[in-house]
Amino acid sequence: MAVHGAGTVTAVDDAGVHVNPHEDTVVDVIFDGRRIWSFWTLRDTDDGLAGWPRMLKRFLDGTARISVVEHLSGSVLYEADVALGSGQGRIDIVDAEGRPLGLDKSNRIVTTFDTRDARHTKPLLDSTEKVLGELRDAGVAAFPAYGTLLGAVREQDFIGHDSDVDLAYVSREKHPLDVVRESFRLQRHLKERGYAVDRYSAAAIKVDVVEADGTVRGLDVFGGYFLDGRLYLMGEIGTPFEEEWIFPLGTCTLAGRTLPAPAKPEQLLEATYGPGWKVPDPAFHFETPRTTYRRLNGWFRGNRVFRNEWDARYSGGVRDKVPGGAPSSLARFVLEQEEDIDLLVDLGAGRGGDALWFARQGVSTITLDYAHGASNGVRRVAEQEGLDLDTSWVNLHELRSVFAQGARIARREGNVVLIARHLVDSTDARGLESLVRLARMALVRGGRLYLELDLLRPGERYVPAGRRDIVRPKDLSSVERALSEGGAVIVHSTQTEDKRGSGQSERPVARLVAEWQQ
Amino acid sequence: MTGSSSKAGSSRAGLKDRAVERLARAVAGDRLDQLQQRLDDLEAEIQECRQLNIRLAEVTDLVEQLLLPMAARDEEKIAAAVEKYSRTI
């Protein structure tokens, strides 16, 4: 044990790292010679304990040589063989393919750059140059930003404890509305060239690049603009800034490549990380001022309600599996009610089990879902079987997506039927408003909307069981009101009780059928 | 840099804030709550205005992309434009 500015580390055990700090200092926690995690000795401790981050806990079963080292001075505060959990075997913090993992500044478990060599970084640099080139062709001057720019300027290389590449551009537009339109245009430009693009906000996107070995790498592209002498850049910056500090772009060097950079990159780094940006901090946290956060939220955010949770639900191969079992009772009910269906649209289709069931009966079918590729498995089967089944994406929190899908369906002739099973109870009031709008457009020539949703019990105030609890029962009257305000006539309304798993009480489920009578 | 913030310092600031609030409440009474409510309402209204940007941008983008094929009165082009628009967002 040694005494340093950081203080002393008294123990490392199943709870975490016990420190007796003198002053706030950033330390690295090293397992068998490899940095895994970093924290600040005052900021990130509670009663002298830096608890193991949640994402690390699942690895902590076995023994390891653990040391705690002051990041800047390299002073060793603690070093010992430590047994955690059962203490059996060696602690191995790697992914399923055996690649070493560590925690980034947000305590996400990632493959950090300090464990990658040129074989891994070359394709990343190639992808970076490719996306920068595409953005330049689309008319914006993009450059490495955030940790990527910090590494380039401070070390001419990737930062060891970083894990991804961030790019940014500063728009020449002067109004947030035009900044948003420009971002839509960029997305279209990239998609037309075959890139998968995911939208973080109305001014930030993720561009997937397929590398030579088939690895898909996501590069974040953050948009910004100048307003009254301040630079606003997604997702953390809002600060007085000179346009000459960005334009005309200069260059920086990243791992031997010459890439574009802001004219005065050090000014952007100071705006991003504060005046101490030259001093490495692997546990850096942004403290975005409330006014900046509110502005960026108000102008650009709000399109990803529950998105991460839905993506998580279909991750890990779930989206590639074909759902087995019988169709839902709603699907069977629809088939009983409708004599001939010319188009069946499953809104919020998830993995698309019901849609596949309809398509196999010869019904032309479209699935729409918020989670990208949620029904990949069903799409593959439909292709193999030659079924008329289209899988598409819709976001009820992006008006243009709602309009586009509404218009697309409205063009179809014949009896159009929409089903939305547990979609209303999976979205918020704005999502419901969009769902009604989409149905109104889609059913302009007639047809019906079939809804099924979990209901609140009389007087119940529903408390979600956590962030993953995203199907939340609704009040029937508010759903009926949203439908009728959107011009719908409810032609059928019944309630049943749905038996839940053991120990859970039954939940009322409503089935509604709506029409837009011409 | 964020790491230099001290818990002792923030605790002192918290005490000061509470003392200031007690004093203000003694002087202003209910007026303080009313002002706080007005501030909350104003902030909410500002956010509502800001959020109009995205909606308007979405409609503008859509109109721009679909009006030209519609102006050409070419049914195939209109169908293609609707299809392409939904595939590239």
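A few points on the structure. (Residues numbered from 1 in each chain as written. Chains lettered and ligands numbered in written order. Predicted model: local features only at pLDDT ≥ 70, side-chain atom pairs only at ≥ 80, totals over all residues. Heavy atoms only, no water.)

What follows concerns the sheet that holds strand S1 (residues 8–12) of chain A. Residues and elements named next belong to chain A. Overall, antiparallel pairing links the three strands, which are arranged S1-S2-S5 in an open sheet. Both edges of this open sheet fall to S1 and strand S5 (49–51), since each of them pairs with a single strand only. On average, each strand axis in the sheet is tilted by 25° relative to the strand beside it, whichever way the strands run. Pairing geometry for S1 and strand S2 (residues 16–20), over four bridges, is antiparallel. Across the sheet, Val 9 pairs through a bridge with Val 19, a residue of S2. (Pairing = 2+ DSSP bridges. Helix = DSSP H or I, 4+ residues; strand = E, 2+ residues; numbered from the N terminus. Axes fitted to C-alpha atoms, helices over the stretch in contact; angles between N-to-C directions.)

A few words now on the packing of aromatic side chains. Residue and element names in this part refer to chain A. One pass over the structure, following the stated rule, counts 19 aromatic pairs over all chains. The interplanar angle of 45° and the centroid separation of 5.6 Å between the aromatic rings of Trp 37 and Trp 52 together place this pair among those described as tilted. With Trp 37 in strand S4 (residues 34–40) and Trp 52 in the loop between S5 and helix H1 (54–57), this pair connects stretches of sequence that are 15 residues apart. With respect to class, Trp 37 is no different from Trp 52; both count as buried. Their ring planes at 75° and their centres at 6.0 Å tell us that Phe 333 and Tyr 450 sit as a pair that is edge-to-face. (Phe/Tyr/Trp six-rings, centres within 6.5 Å; stacked < 30°, edge-to-face > 60°. Buried < 20%, exposed > 50% of the residue type's maximum accessible area, 1.4 Å probe, protein only.)

Attention now moves to the interface of chain B and chain A. With 34 residues of chain B at the interface, the matching set in chain A holds 51 residues. With both chains or domains summed, chain B and chain A bury close to 3,700 Å², and 53% of this area falls on carbon and sulfur atoms. A salt bridge links B:Lys84 to A:Glu192, with the nearest nitrogen and oxygen atoms 2.9 Å apart. In this assembly, chain B and chain A are joined by 14 residue pairs in polar contact (both at pLDDT 80 or more). Breaking the side of chain B that touches chain A down by element, the ones donating at least two residues are helix H2 (30–71) and helix H3 (75–87) of chain B. Among the elements that take part in the side of chain B that touches chain A, H2(B) stands out by supplying 17 residues, more than any other. Its residues assigned to classes, the side of chain B that touches chain A comprises twelve nonpolar, eleven polar and eleven charged. (Contact = heavy atoms within 4.5 Å. Buried area = accessible area lost by both parts, 1.4 Å probe. Salt bridge = Lys/Arg side-chain N within 4 Å of Asp/Glu carboxyl O. Polar contact = N/O pair within 3.5 Å; in protein donor to acceptor, adjacent residues only side chain to side chain. Nonpolar A, V, L, I, M, F, W, Y, C, P; charged D, E, K, R; others polar.)

A complete count under the given rule lists 47 salt bridges over all chains for this structure. Ionic pairing is found between A:Arg99 and A:Asp95, a salt bridge with its closest N-O pair at 2.8 Å. Across the pair A:Arg400 and B:Asp61 runs a salt bridge whose closest N-O atoms are separated by 4.0 Å. Taken together, the positions of A:Arg400 in helix H11 (residues 399–410) and B:Asp61 in helix H2 put the pair across two chains. Linked through salt bridges whose partners overlap, the residues forming this network are A:Arg188, A:Glu398, A:Arg400, B:Glu58 and B:Asp61.

Turning our attention to helix H4 (residues 176–192) of chain A. All names here are of chain A. Taking 1.5 Å of rise per residue, 17 residues should cover 24 Å, and H4 covers 24 Å from first to last C-alpha, within 8% of that figure. Among the 17 residues of H4, twelve are classified as buried, and the element is accordingly described as predominantly covered. Every buried residue of H4 is accounted for by Pro 176, Leu 177, Val 179, Val 180, Glu 182, Ser 183, Phe 184, Leu 186, Gln 187, Arg 188, His 189 and Leu 190. In the stretch just after H4, Gly 194 is the one whose phi turns positive, near 95°. (Expected span 1.5 Å × (residues − 1).)

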